[in-house]
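Take a look at the letters that make up each chain.
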Amino acid sequence: QVQLVESGGGLVQAGGSLRLSCAASGSIFSTNVMGWYRQAPGKQRELVATITRGGSTNYADSVRGRFTISRDNAKNTVYLQMSSLKSEDTATYYCFADIIRRDSYASINDWGKGTLVTVSS
């Protein structure tokens, strides 16, 4: 059993900051790419940022320069530091991870249940 649990969402004023966390737990041998997607009401889910195990990052154009993704491999945890937040950043944020299971060495892609970020203008 593997699960991803996000935390850190909430209500913030435009221009403010929030830090999201996502911890993977369970039968984990290793985590490879980890990252965040988001889905605003009435819109499709979109990629926000990804980070490889070695630390290479990729960002959506809409968040580059404002958001920073990082990870702690020892804790199987990925973070998203969000700054200069805008109303259009309002969405449910979902983390994901490419995981090698400890019990079977199978590669799986797992998702968290999401955490809501609301930016008030």
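Check the entry above for the structure.
The following refers to the structure shown. Since the model is a prediction, treat every value here as computed from it, not as a measurement. All chains use their own residue numbering, which begins from 1 and follows the written sequence. In view of the model being predicted, local features appear only for residues whose pLDDT reaches at least 70, and side-chain atom pairs are presented and counted only at 80 or more, with totals across whole chains, interfaces and linings using the full set of residues. Side-chain calculation: all heavy atoms of the structure are included, whereas hydrogens and water are not.

1. Points about the nonpolar core
For step 1, the next point in the chain: Of all hydrophobic cores here, the largest spans 30 residues; its most connected members are Trp36, Leu80, Met82 and Tyr93.
For step 2, the next point in the chain: Helix and strand definitions follow DSSP, with helices as H or I runs of at least four residues and strands as E runs of at least two, each counted in order from the N terminus. Among the elements of the structure, β1 (2-7), β3 (18-26), β4 (28-39), β5 (46-51), β7 (67-72), β8 (77-82), β9 (91-101) and β11 (115-120) are those that each provide at least two residues to this core.
For step 3, the next point in the chain: In this analysis, two residues are considered to be in contact whenever any of their non-hydrogen atoms come within 4.5 Å of each other. Contact partners of Met82, with chain neighbours within four places excluded, come to Gly16, Ser17, Leu18, Leu20, Arg66, Phe67, Tyr93 and Val117. By convention a nonpolar core is built from buried Ala, Val, Leu, Ile, Met, Phe, Trp, Tyr and Cys residues, the set being connected through side-chain atoms within 4.5 Å. Categorising residues by exposure relies on relative accessible area from a 1.4 Å probe, with only protein chains included: less than 20% of the type maximum marks a residue as buried, more than 50% marks it as exposed, and the intermediate range marks it as partly exposed.

2. Observations regarding the side chain of Ser30
For step 1, the next point in the chain: When you line up the elements, Ser30 lands in strand β4.
For step 2, the next point in the chain: The exposure class of Ser30 is buried, given its relative accessible area of 12%.
For step 3, the next point in the chain: Once residues lying within four places of it in the same chain are set aside, the contact partners of Ser30 are Arg53, Asp98, Ile99 and Ile100.

3. Remarks on the sheet that holds β7
For step 1, the next point in the chain: In short, DSSP must find at least two bridges between two strands for them to pair. Taken in spatial order, the four strands of this open sheet run β1-β3-β8-β7, and their pairing is antiparallel. Lying at the two open borders of the sheet, with one neighbouring strand each, are β1 and β7. Recorded for the sheet is a direction-independent mean angle of 15 degrees between the axes of neighbouring strands.
For step 2, the next point in the chain: Sheet analysis places β7 next to β8, joined by six bridges and oriented antiparallel. In the sheet register, Thr68 faces β8, and the bridge partner there is Gln81. What counts as an axis is a line fitted to C-alpha atoms, over the stretch in contact for a helix, and the angles between N-to-C directions run from 0 to 180 degrees.

4. Some points on the state of the cysteines
For step 1, the next point in the chain: The criterion for a disulfide is a pair of cysteine sulfur atoms lying within 2.5 Å. The tally for this structure, following the rule as stated, stands at one disulfide.
For step 2, the next point in the chain: Disulfide pairing places Cys22 opposite Cys95 at an S-S distance of 1.8 Å. Classification of the bridge connecting Cys22 and Cys95 rests on its S-S torsion, roughly 40 degrees, and on that basis the disulfide is right-handed. Taken together, the residues span a long stretch of sequence, with Cys22 in strand β3 and Cys95 in strand β9 at a distance of 73 residues.
For step 3, the next point in the chain: Judged by relative accessible area, which is 0%, Cys22 ranks as buried.
For step 4, the next point in the chain: Judged by its relative accessible area of 0%, Cys95 is buried.

5. Remarks on the environment of Gly16
For step 1, the next point in the chain: Looking at where Gly16 falls in the secondary structure, it is placed in the loop between β2 (10-13) and β3.
For step 2, the next point in the chain: Judged by relative accessible area, which is 18%, Gly16 ranks as buried.
For step 3, the next point in the chain: Along the chain, Gly16 and Cys95 lie 79 residues apart, while their C-alpha atoms are 21 Å from each other.
For step 4, the next point in the chain: With sequence-adjacent residues up to four places away left out, Gly16 is seen in contact with Met82, Ser83, Ser84 and Leu85.

6. Points about the packing of aromatic side chains
For step 1, the next point in the chain: Here a pair means two rings of Phe, Tyr or Trp (six-membered ring of Trp) with centres within 6.5 Å. Their orientation is stacked below 30 degrees between planes, edge-to-face above 60, and tilted elsewhere. With the rule as written, the count across this model stands at four aromatic pairs.
For step 2, the next point in the chain: Ring centres 5.2 Å apart and planes at 75 degrees place the aromatic pair Phe29 and Tyr105 in the edge-to-face group. Note that Phe29 is positioned in strand β4 and Tyr105 in the loop between β9 and β10 (107-111), a separation of 76 residues in sequence.
For step 3, the next point in the chain: Residue class for Phe29 comes out partly exposed when judged on its relative accessible area of 48%.

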